Each structure stands twice: as structure tokens, then as C-alpha cells.
Amino acid sequence: MTNKCDFQILRLALPSIIQNVTVPLLGLCDVAVMGHVGGAAHIGAIAVGSMIFNVMYWLFGFLRMGTSGLTSQALGARRLDDVGAMLRRGLTVGVGLGLAIVLLQVPLRSLALMLMQPTADVAALCAPYYNICVWGAPAVLGLYTLTGWFVGMQNTRLPMLIAVVQNVVNILLSVSLVVAAGWGIRGVATGTLVAQWTGFAMALALLWRYYGPTLRRHPSTLASLFSGLGRFFRLNLDIFLRTLCLVAVNLWFTSAGAAQGALTLAANTLLMQFFMFFSYVMDGFAYAGEALSGRLYGARNDAGLRRTVSRLFRIGWLVAIAFTAVYALAGDVLLRLLTTDADVVRHARRFLPWAVLIPLSGMAAFVWDGIFIGLTRSRGMLTSCLVAAAAFFALWLALQPSMGNHALWLALLVYLALRGLVQTFLYRRRTP
């Protein structure tokens, strides 16, 4: 039974890990293309434009997470009418929000540039990038819903396939339009836009191919679409507010590092790559937790749920220990692979021990997030994030005068650990 449980976890986790690994390759390609045909302003414009959309779309991540949890529960309970209604409801909301972004693109662009305050030359190049990419908002948010629905249906292979094709299309088009056609930054933006709509269209085609008969047998009435909106928005409001906490901590970590000088900012940026590498893997197990815990909860299989939670944490601890060992033994090598600047490497070594501890302090937060999404315990996720964020800011303000950048890293590790600890307490309090 244990081997079967581990197989189910890995079957869902591995495609998601592969999907996550494709993400940094795309960003690296965009920067490399601009770096060879443009100057620092072009690279900066790509960075600013990407950040605008990353933050904007991250805030709408509830479309994926909320859809995943509710769909997996409905599947486990064999409520196929609800499975279909959840898909249609999520797509309606996601595409609707995307259209709203398109309609409000001008004030949203002005607000984003005002908040990020790029230099005039970067802002001038960022505007055409934004003006093209914003038309992909309905496709991106629609795909969020479809990805969450596929995960809820215990299928992470389709999102992996879509992500790989999407990124290949983006890279090929961007290189062709920039290098061969000479479109400059508009070529990168056009490649991104076409890839986004390609991914959405591919997801719809795969949906029809693999799930069309089921959806046709269980059509949704207009009343059923609206009947679940209350729960849908209550769940997603908690996830949205929790995401705001994550954004606040991440932005503060970056800005607090920048306030300590360019060298510290560069060192922190390099060391945060250790967190990113770990998150690509752990997010895969979080996806598995969403799918399996939601299905088992919906089926009222308490024994199976407890067994799955236990196996998720056993695998999670093995992964965290492995990453910690690699970072401890090869952290200096990784830093030198990430940059050739000896001063940055030397400065980053001072804070390397903190980065080594990231996997052990953050593993539980990743696993619990997946489980809580599957169980639709969004209020617990929000509570844990609020407590952890409060501790982060309190520690930073109290210790920064005496510890400097070390206080920032200590606050980050406590923040990650507290998220996991609070969720552990909340889960055990509500689980017999």
C-alpha cells in the first residue's frame, strides 16, 4: 500500500517538476536575446515588463489553486456534475478577469510603472512590451483555470506537455522575430503573446480530446454555474489575501537588500536562487498533495488521506535533506557558476549558511500548502501566512540595527518555518 501511495505521489509530482523547470529557461532566453541585440536598457525593460505581469498574474493564482481543490474533492465524491460546473465557472471568471485587464490596460500600465519607477529609457522600451503582452491576459488566466482543473482531475501530464510546447514556441518565435526579423523588444513580446494563446488553445483541445465525453454527459445549467460562486469567491479571497502576504514579504526582502547597497542586493539575489531551485521541486509535490488530498477528502477516505499526508512528508524530508546536503557541500561552487564577479561571490559567502537552511525550514510550508488547497482549508493558509509575515517584519525591524543583512535572512527562515508550524497545528486541531 505504501509503494502504491508513493507511486501516486511521484506520478503526479514529476510532471509538475518538469513543468516548473521550463520556466527559468524561458526567462533566460528572453534576457539572452535582448542582451545580444540591445543594451542594458533593453535587458532592464524585459526585467521590468516581466515583473509587472508576474506580480499581476501571481495575484490571480487563486484561479488555479481554488479550481484544483474544489475539482479534486468533487471527483473524489463522484459528483461529476460539479466537476464540469467547476471548470465552466472557473473559465468564466478567469477569462472575464483577463478581459478586464485588457480593457484597463492603460491605467494599469501607468500604475505599474509609477510603482516600479524605472529610468526613462527603460520605461520607454517597457511600454511596447507591455502593450503587446497585455493582450495575452485572457489566455493566461484561462489557462490557470484549466491547469488547476487538470490537477484536480489527477492529471499533471497535460499541464507539463502544454508548458513545454508553450515555452518552445515562445523561444523559437522570440529568437526568429528578434534576430532574423529585427523586431527588437516587440519580437520578444510577440513571441510571448503567441505562446500564451497557443498554450490556451492547446489546453482547450486536450480538454476536448480527453474529457469532452464526460463534460457532454454532465452539462451545466446557468443556475448551477452561479450557485457555487459564493463558495468559489470565499475560498479564493483567502488565497488572494495570502498571496498578498507572500508578495509583501518577497518585495520587502528585495528592497531591504537593495537598501544595503548593490553588493548586498546582488549577493541576496544569487542566494535566493537556492530557494528557487528548491521550490521548483517542492511545488511538484505540493501539486501532488492538492490532487490526492482533495480526491481522498471528497471520497471520505480518512485512512487514505492520513497515509498520503504521512508519505508526502517522508518524501518531502528526504528531498529537503538532499538539497541541504548539496547546498552545504557545493554552495560555493553554485555561487561561482551563477556569477564570475569575485566580490559578489565573496560577499554572498557571508550569508551562505542561511541559504543552506532554506530546504529544512521551508519544506513543510510547501507540502502543507498543497494539502490545504486540496482540503480547501484556505483560511488556514491565510492564517499561517499572516502569522509568519508578522514575525518576518517584527524580526527584521528588531534585529536589523545589530545584525544587518543577517537579520533579513534569519527573518526569512523563521517566516518559512512558521508557515509550516502553524499549518501543522491547524491540521492536527481539526483532524482526529
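Here's a quick rundown of the structure.

What counts, and at which threshold
Residues numbered from 1 in each chain as written. Predicted model: local features only at pLDDT ≥ 70, side-chain atom pairs only at ≥ 80, totals over all residues. Heavy atoms only, no water. Salt bridge = Lys/Arg side-chain N within 4 Å of Asp/Glu carboxyl O. Helix = DSSP H or I, 4+ residues; strand = E, 2+ residues; numbered from the N terminus. Buried < 20%, exposed > 50% of the residue type's maximum accessible area, 1.4 Å probe, protein only. Axes fitted to C-alpha atoms, helices over the stretch in contact; angles between N-to-C directions. Parallel < 35°, antiparallel > 145°, perpendicular 65-115°, else oblique. Left-handed = near helix turned anticlockwise from the far one by under 90°. Contact = heavy atoms within 4.5 Å. Nonpolar A, V, L, I, M, F, W, Y, C, P; charged D, E, K, R; others polar. Phe/Tyr/Trp six-rings, centres within 6.5 Å; stacked < 30°, edge-to-face > 60°. Lys NZ or Arg CZ within 6 Å of the ring centre and 35° of its normal. Patch = residues over 30% accessible without salt bridge, like charges linked within 9 Å, V, L, I, M, F, W, Y side chains within 5 Å. Areas by Shrake-Rupley, 256 points an atom, 1.4 Å probe, with all protein chains shown as cover. Polar contact = N/O pair within 3.5 Å; in protein donor to acceptor, adjacent residues only side chain to side chain.

**A short note on the pattern of salt bridges**
Move 1: Per the counting criterion, the structure on display carries 9 salt bridges.
Move 2: Residue Asp 332 pairs with Arg 336 through a salt bridge whose shortest N-O separation is 3.0 Å. Placement of the pair is Asp 332 and Arg 336 together in helix α13 (residues 302–338), with a separation of 4 residues, close to one helical turn.
Move 3: Look at Asp 332 and you get partly exposed, because its relative accessible area is 23%.
Move 4: A relative accessible area of 46% means that Arg 336 is categorised as partly exposed.
Move 5: Put simply, Arg 346 and Asp 343 hold a salt bridge, and the shortest N to O gap is 2.7 Å.

**Focus on the packing of helix α12 (residues 262–298) against helix α18 (residues 405–430)**
Move 1: Packing of α12 against α18 brings their axes to within 12 Å, and their N-to-C directions diverge by 25 degrees. In this view, α12 runs roughly parallel relative to α18, as classed from their interaxial angle. With respect to the hand of their crossing, α12 and α18 are arranged in right-handed fashion. Only Asn 405, Leu 408, Trp 409, Leu 412 and Leu 416 of α18 make contact with α12, whose side of the interface consists of Thr 264, Asn 268, Leu 271, Met 272 and Phe 275.
Move 2: Counted by class, the contact of α12 with α18 contains 7 nonpolar, 3 polar and no charged residues.

**Considerations on the packing of aromatic side chains**
Move 1: Under the defined criterion, the tally for this structure stands at 20 aromatic pairs.
Move 2: With a centroid separation of 6.0 Å and 65 degrees between ring planes, the pair formed by Phe 60 and Phe 62 is classed as edge-to-face.
Move 3: Since its relative accessible area comes to 8%, Phe 62 is described here as buried.
Move 4: Centre to centre, the rings of Phe 392 and Tyr 415 are 6.1 Å apart; their planes meet at 65 degrees, and the pair counts as edge-to-face. Of this pair, Phe 392 sits in helix α17 (residues 378–403) while Tyr 415 is found in helix α18, placing the two residues 23 residues apart along the sequence. For the residue pair Phe 392 and Tyr 415, the accessibility class agrees, reading buried in each case.
Move 5: Aromatic rings pair up to connect Phe 274, Phe 275, Phe 278, Phe 323, Tyr 327 and Phe 366 into one cluster.
Move 6: Directly above the aromatic system of Tyr 210 lies the positively charged group of Arg 209, at a separation of 5.0 Å from the ring centroid.
Move 7: Over the ring of Trp 208 we find Arg 216; its NZ or CZ atom is 4.7 Å from the centre of that ring.

**Describing the environment of Val 344**
Move 1: Tracing the chain through its elements places Val 344 in helix α14 (residues 342–349).
Move 2: With a relative accessible area of 9%, Val 344 lands in the buried category.
Move 3: The spatial distance from the C-alpha of Val 344 to the C-alpha of Val 122 is 25 Å, given a sequence separation of 222 residues.
Move 4: Apart from the residues within four sequence positions on either side, Val 344 is in contact with Leu 263, Ala 266, Ala 267, Leu 270 and Thr 339.

**Thoughts on a nonpolar patch on the surface**
Move 1: On the surface, Met 51, Leu 111, Met 114, Leu 115 and Met 116 cluster together into a nonpolar patch covering about 490 Å² of accessible area.
Move 2: Among the elements that take part in the nonpolar patch, helix α5 (residues 105–116) stands out by supplying 4 residues, more than any other.
Move 3: Position of Leu 111 among the secondary structure elements: in helix α5.

**Comments concerning the packing of helix α7 (residues 137–152) against helix α9 (residues 185–217)**
Move 1: Across the interface, α7 lies against α9 with an axial gap of 9 Å and an inter-helix angle of 35 degrees. Between α7 and α9 lies a crossing of left-handed hand. For the pair α7 and α9, the contacting residues are Pro 138, Ala 139, Val 140, Gly 142, Leu 143, Leu 146, Trp 149 and Phe 150 in the first and Gln 196, Trp 197, Gly 199, Phe 200, Ala 203, Leu 204, Leu 207, Tyr 211 and Leu 215 in the second.
Move 2: Taken together, the residues of the contact of α7 with α9 break down into 14 nonpolar, 3 polar and no charged.

**Let's talk about the side chain of Asn 405**
Move 1: Looking at where Asn 405 falls in the secondary structure, it is placed in helix α18.
Move 2: Relative accessible area serves as the criterion here: at 4%, Asn 405 is assigned to the buried category.
Move 3: Looking at Asn 405, its side chain comes within polar contact range of the side chain of Asn 268, at 2.9 Å.
Move 4: The contact partners of Asn 405, leaving out residues within four places of it in the chain, are Gln 260, Thr 264, Asn 268 and Phe 351.

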